[in-house]
Amino acid sequence: MLELRGIDKVYRSRGKEPVHAVRALDMAVEKGEIVALLGSSGCGKTSTLRMIAGFEDVSAGSIALGGRRIHELPPARRKVAMAFEGYSLYPPLTVRENIAFALKSAQLPRAEVTRRVGEIARLVEIEDILDSYPRAISGGQQQRVSLARALVRDADLYLLDEPMGQLEPQLRAVLRGRIKSLLAERGMTAIFVTHDQTEASALADRIAVMEGGLLQQFASEKELKGRPANLFVASFIGEPPMNLLDAEVTRSDGGFRLSVGTDMGFDIAGAGLDVEAAKTLAATPQVRIGIRPQKIVVGTGDVRVKVVSNQWLGDQSHVAGDCGGRMLIAVIPGRVAARPGEIISFALEPRHLHIFGSDGTYIRHAEGA
Ligand SMILES: Nc1ncnc2c1ncn2[C@@H]1O[C@H](COP(=O)(O)OP(=O)(O)OP(=O)(O)O)[C@@H](O)[C@H]1O
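Predicted model, so just to flag it, every value in this text is computed and none were measured.

Engineer: Report on empty space enclosed by the protein, specifying residues and quantitative values.
Structural biologist: Leftover empty space is mapped by rolling, across the atoms, a probe with the size of a water molecule. Scanning all chains against the criterion turns up one cavity of 30 Å³ or more. Within this model, the largest cavity holds a volume of roughly 30 Å³. In terms of lining, the largest cavity is formed by Ile34, Leu160, Ile179, Leu183, Ala190, Ile191, Phe192 and Leu203. The set of elements that each furnish at least two residues to the lining of the largest cavity consists of α5 (169-185) and β8 (190-194). If one sorts the elements of the lining of the largest cavity by residue count, β8 sits on top with three residues.

If you want it as structure tokens, here you go:
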């Protein structure tokens, strides 16, 4: 449906160093799919969206939508609808006129325009401000108008830049659900930008994780969590973040022993490793190992930790423990009786360990992930 091939974006301004915002981006989005571009500030999400919409030129590469090469077309001819982070509403038009603008330009019958504007206004809860002007409404309302103006259109692709960034958490959760239903019901294809993992997981079928202008991994949330492509994705996805430790690799009994200082050691059986992972481990003296906080068991096991904090969040406990100067966080579904300063046991099972090379590439994923 949408194919990005070898996309590069370099911003050049006089007297300044060029900024390489997007690098060699390949990405294919299926028809009817909802995709999130997720990453920290400045990673190239908005640049990617603006190149697809046509508000920025590509420095290299090609973009095809439904078999049409669109990267050389002006924005209006791409059949792409975009809701902007900065809203960009027309100040002299009312909210109703802003939303109806594209439908009127497409010469839809008046009754159809009225029906569609009413329907989308109800969905994003702005019926009461349809006759107001943009300057007279709040930032959160302007954002919803911008969203309505994009979603009301007939387009092959919908691009939403931080579509709910300005909204209260409660309204955000409600709108998220409604927008997801609308997109699914109509089989709309959409890409939205966010730096909020919860939002990405709640709305998207697949998530494209970006960092430093590079696509790190494009996969479902389950895949990103269970089979992260590299250390960056492993530590970026998941709340609280994956526990990471430096470990030394030595051979033992046909397998490997991973030692974290003198405090922790894990035996990885050779039989459970694929050939590639075993070869890499044999040649790698130092690795990074990762374990999700949800996989640590508290109150049993041979890792002794000094409790740093124990927080009950209403539905789970977060227990932080210090082990020889290394912090481990465990997430437990129930309450845990452990006071700061107490020495308790954590169990970390070797099968739950993700193993990465010192350059961040993955060597082995945890079992069952
Ligand atoms: N018009 C421009 N001229 C020069 N540099 C730019 C321009 N637009 C973006 N950049 C730079 O390109 C890089 C990527 O920016 P981009 O806005 O795509 O990131 P982002 O991931 O969307 O960030 P945010 O979440 O903060 O919007 C940043 O370093 C940014 O400063």
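From this point, the narrative continues.
Engineer: Give a description of the side chain of Thr284 that names residues and reports values.
Structural biologist: Assignment of secondary structure puts Thr284 in the loop between α9 (275-282) and β14 (286-291). From its side chain, Thr284 meets the backbone oxygen of Thr280 in a polar contact 2.4 Å long.

Engineer: Give me helix α4 (residues 139-151): which residues, what numbers.
Structural biologist: For α4, spanning 13 residues, the distance from its first C-alpha to its last is 18 Å, which sits close to the expected 18 Å at 1.5 Å a residue. The buried fraction of α4 amounts to 12 of the 13 residues, a majority that puts the element mostly inside the structure.

Engineer: Tell me about the sheet that holds strand β16 (residues 317-323), residues and numbers included.
Structural biologist: Pairing in this open sheet of four strands is antiparallel, and the strands run β17-β16-β15-β18 from one edge to the other. Across the chains shown, the open sheet's two edge strands, defined by having one partner strand only, are β17 (326-332) and β18 (343-347). In this sheet, adjacent strand axes meet at a mean angle of 50° when their direction is disregarded. As judged from the six bridges shared by strand β15 (residues 297-312) and β18, these two strands associate in the antiparallel manner. Bridge pairing in β18 places Val298 opposite Phe346.

Engineer: Break down the side chain of Lys45 for me, with residues and values.
Structural biologist: Relative to the helices and strands, Lys45 resides in helix α1 (residues 45-53). A distance of 2.9 Å separates a polar side-chain atom of Lys45 from the backbone oxygen of Gly39. Residue contacts for Lys45: discarding those within four places in its chain leaves Leu37, Leu38, Gly39, Ser40, Val193, Thr194 and Met210.

Engineer: Before we move on, could you go through unusual backbone geometry and cite the residues and values that matter?
Structural biologist: Glycine aside, negative phi is the norm for most residues, and most peptide bonds take the trans geometry. Residue Pro240 is reached from Glu239 by a cis peptide bond, and omega for that bond is -15°. We note that Lys79 has phi near 60°; this positive angle belongs to a residue other than glycine. With respect to the element layout, Lys79 can be found in the loop between β5 (68-69) and β6 (80-83). Judged by relative accessible area, Lys79 falls into the partly exposed class, the value being 47%.

Engineer: Requested: an account of the packing of helix α2 (residues 95-105) against helix α3 (residues 110-123), with residues and values cited.
Structural biologist: Running from N to C, α2 and α3 point in directions that differ by 130°, and their axes come no closer than 10 Å. When the axis of α2 is compared with that of α3, the two are oblique. Seen from above, α2 lies across α3 with right-handed handedness. Contacts between α2 and α3 pair Arg96, Ile99, Ala100, Leu103 and Lys104 from the former with Val113, Arg116, Val117 and Ile120 from the latter.

Engineer: Tell me about the site of the ligand, and name the residues and values.
Structural biologist: Taken together, Tyr11, Val19, Ala21, Ser40, Ser41, Gly42, Cys43, Gly44, Lys45, Thr46 and Ser47 make up all the residues around the ligand. At a separation of 3.0 Å, an oxygen atom of the ligand approaches a polar side-chain atom of Lys45. For the ligand, an oxygen atom lies 2.6 Å from a polar atom in the side chain of Ser47. Look at the ligand: alone it shows 630 Å² of surface, and the protein chains cover 62% of it. When residues of the shell around the ligand are traced back to their parent elements, those giving at least two are β2 (19-29) and α1. Ranked by residue count, the leading element in the shell around the ligand is α1, at three residues. The residue inventory of the shell around the ligand, partitioned by class, reads four nonpolar, six polar and one charged.

Rules used in this analysis
Residues numbered from 1 in each chain as written. Predicted model: local features only at pLDDT ≥ 70, side-chain atom pairs only at ≥ 80, totals over all residues. Heavy atoms only, no water. 1 Å grid on protein atoms, 1.4 Å probe; cavity = no way out; pocket = protein on both sides within 12 Å on 5 of 7 lines; lining within 4 Å. Points joined across faces, edges and corners; volume = space filled by probe spheres on them. Helix = DSSP H or I, 4+ residues; strand = E, 2+ residues; numbered from the N terminus. Polar contact = N/O pair within 3.5 Å; in protein donor to acceptor, adjacent residues only side chain to side chain. Expected span 1.5 Å × (residues − 1). Buried < 20%, exposed > 50% of the residue type's maximum accessible area, 1.4 Å probe, protein only. Pairing = 2+ DSSP bridges. Axes fitted to C-alpha atoms, helices over the stretch in contact; angles between N-to-C directions. Contact = heavy atoms within 4.5 Å. Parallel < 35°, antiparallel > 145°, perpendicular 65-115°, else oblique. Left-handed = near helix turned anticlockwise from the far one by under 90°. Near = heavy atom within 4 Å. Areas by Shrake-Rupley, 256 points an atom, 1.4 Å probe, with all protein chains shown as cover. Nonpolar A, V, L, I, M, F, W, Y, C, P; charged D, E, K, R; others polar.

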